[in-house]
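# Observations on the model geometry
Listed here are the chains, written in short residue letters.
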Amino acid sequence: MFDRIDDIDWVRLGHAYGSAGDVPGLLRALRSPDEEERHTAFGALYASIFHQGTRYEASAHAVPFLLELLADPATPDRELVLYLVTVLAVGHDARWLPQGVPVVELRRAADGGRELLAAKPPPWYGDDETRKEYVESLDEADQQRLWAYIELAVYDAVRAGVPLFRDLLTDADPGLRAGAAYALAWFPQDAAGSVPALVATAEAAMEVHEGEAATALVAAGLLGAAPDAALLSDPRPVIRWAAAIGRARVLGVDADEATVDELLAWTAAEPDNRPATGGAEVPFLDGDLNGYAGMSLRLLGPRHTDRAFDALLDRLCVAAGEQALPVAAEALRLAFPDGRLPAGVPRAALASRQRRLVEVLAHSPGAWLIDGVSFGNFASLVGDYGLPRSQEAMLAYLNAPVA
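Cut-offs and rules
Residues numbered from 1 in each chain as written. Predicted model: local features only at pLDDT ≥ 70, side-chain atom pairs only at ≥ 80, totals over all residues. Heavy atoms only, no water. Axes fitted to C-alpha atoms, helices over the stretch in contact; angles between N-to-C directions. Helix = DSSP H or I, 4+ residues; strand = E, 2+ residues; numbered from the N terminus. Parallel < 35°, antiparallel > 145°, perpendicular 65-115°, else oblique. Left-handed = near helix turned anticlockwise from the far one by under 90°. Contact = heavy atoms within 4.5 Å. Nonpolar A, V, L, I, M, F, W, Y, C, P; charged D, E, K, R; others polar. 1 Å grid on protein atoms, 1.4 Å probe; cavity = no way out; pocket = protein on both sides within 12 Å on 5 of 7 lines; lining within 4 Å. Points joined across faces, edges and corners; volume = space filled by probe spheres on them.

### Observations concerning the packing of helix α14 (residues 257–268) against helix α15 (residues 289–296)
Relative to each other, α14 and α15 sit at 130 degrees, their axes nearing to 8 Å. Relative to α15, α14 is oriented oblique. In the packing of α14 onto α15, the handedness of the crossing is left-handed. Here α14 contributes Leu263, Trp266 and Thr267 to the contact with α15, which in turn contributes Leu289, Asn290, Ala293, Gly294 and Ser296. Split by residue class, the contact of α14 with α15 holds 4 nonpolar, 4 polar and no charged.

### What about the layout of surface pockets?
Its volume calculated, the largest pocket comes out at about 1200 Å³. For the largest pocket, the lining is made up of 40 residues, of which Asp93, Pro283, Leu285, Asp286 and Gly287 are closest to its centre. Those elements that place two or more of their residues in the lining of the largest pocket are α4 (78–90), α10 (174–184), α12 (210–222) and α17 (324–335). Partitioning the lining of the largest pocket into residue classes produces 19 nonpolar, 11 polar and 10 charged.

### Comments concerning the environment of Ala311
Among the secondary structure elements, Ala311 is positioned in helix α16 (residues 305–316). When the C-alpha positions of Ala311 and Asp261 are compared, they lie 11 Å apart, and in sequence the two are 50 residues distant. With sequence-adjacent residues up to four places away left out, Ala311 is seen in contact with Leu264, Thr267 and Ala268.

### Focus: empty space enclosed by the protein
Summary: where empty space remains is shown by rolling a probe the size of a single water molecule over the atoms. Taken as a whole and judged by the stated rule, the model has 2 cavities of 30 Å³ or more. Roughly 50 Å³ of volume is contained in the largest cavity. Elements with a minimum of two residues in the lining of the largest cavity: α4 and α8 (140–159). Top element by residues in the lining of the largest cavity is α8. It accounts for 3 residues. In terms of residue class, the lining of the largest cavity is made up of 7 nonpolar, no polar and 2 charged. If you trace the second largest cavity, you find it lined by Leu30, Arg38, His39, Phe42, Pro76, Asp77, Leu80 and Val81. Mapped onto the lining of the second largest cavity, the elements with two or more residues apiece are α2 (35–49) and α4. At 3 residues, the largest contribution of residues to the lining of the second largest cavity is made by α2. Class assignment for the residues of the lining of the second largest cavity results in 5 nonpolar, 1 polar and 2 charged.

Here it is, written out as structure tokens:
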């Protein structure tokens, strides 16, 4: 194992903290018999080659060795390795949901990035960060090309593991099986071989592992295979949810009413009253089934917009922290179809949907908080539409005297 790892000049490659000279040792530590050493190495890799979702020059070079680890049944914590490989491929999946990965667009965005990366000097080492200036010296368009190419290189490196992911669908470990189904969801170029395997996985897991079955159903939907409509009548909520998610992705505006109703019910459900999942865990959107249902409403087209908006507002009233983000994003998209509100627009000049959304945001303190403190990502999302960036300011805007 790791036969070629020392052939790579890791010191000249970069990650989030400069030179990637530490990566070979961290990869080797993932084989350590000491659990603490393995988990420390995993955390260090996660922070350096996948720093807050960003991929780096060294990330693609690390992938073949991670796949080698994953393929060996003797490797400890293979579920963690599979998770790292998958997030390296796609980053945070909220970026791609509910449609899936647009590979053609990714390749178009990366055009020219290879040359920019080739011109990049070696990364800084130790305390010398002067070489960080190369990326900062590029104009915005070239920076986007460079990062798009780096992400695409990592994506393509992980894609080489698709046959392995299919093999893992029959592993004895249900966590690995579900993780493999999740990984396969992001490679539409390989759908012809992956869909039959995912369908078989869903059928085999249906009676024993609800989360695994649901994950496989959603993955198949993202690759273009609609789950059977009969599953919308399944007594298990998570199976109905997965069937509706997959069918909406494939059928879009032609989705049947049962699919629409299931998505609306999940979107609007309060946390304490949402349908029980029987302990089933689904990795998409970090397990936020309500949020994923809300995101999927956009696939249904304008015929269901009014009901979708009502459901999103119902959910926004009770959602908090990260679970408020996808719901607010969909509600804002529907309320502000032309984008950002011009500066100085009074509350009285808002359209009906805009006023309703402002009222909900003003009276939903939990949506603005994460772990009890102000949630910057939520404030930024709302502010991007020209609205006040805090609940207090939103209340003041709502209650401002009408001129």
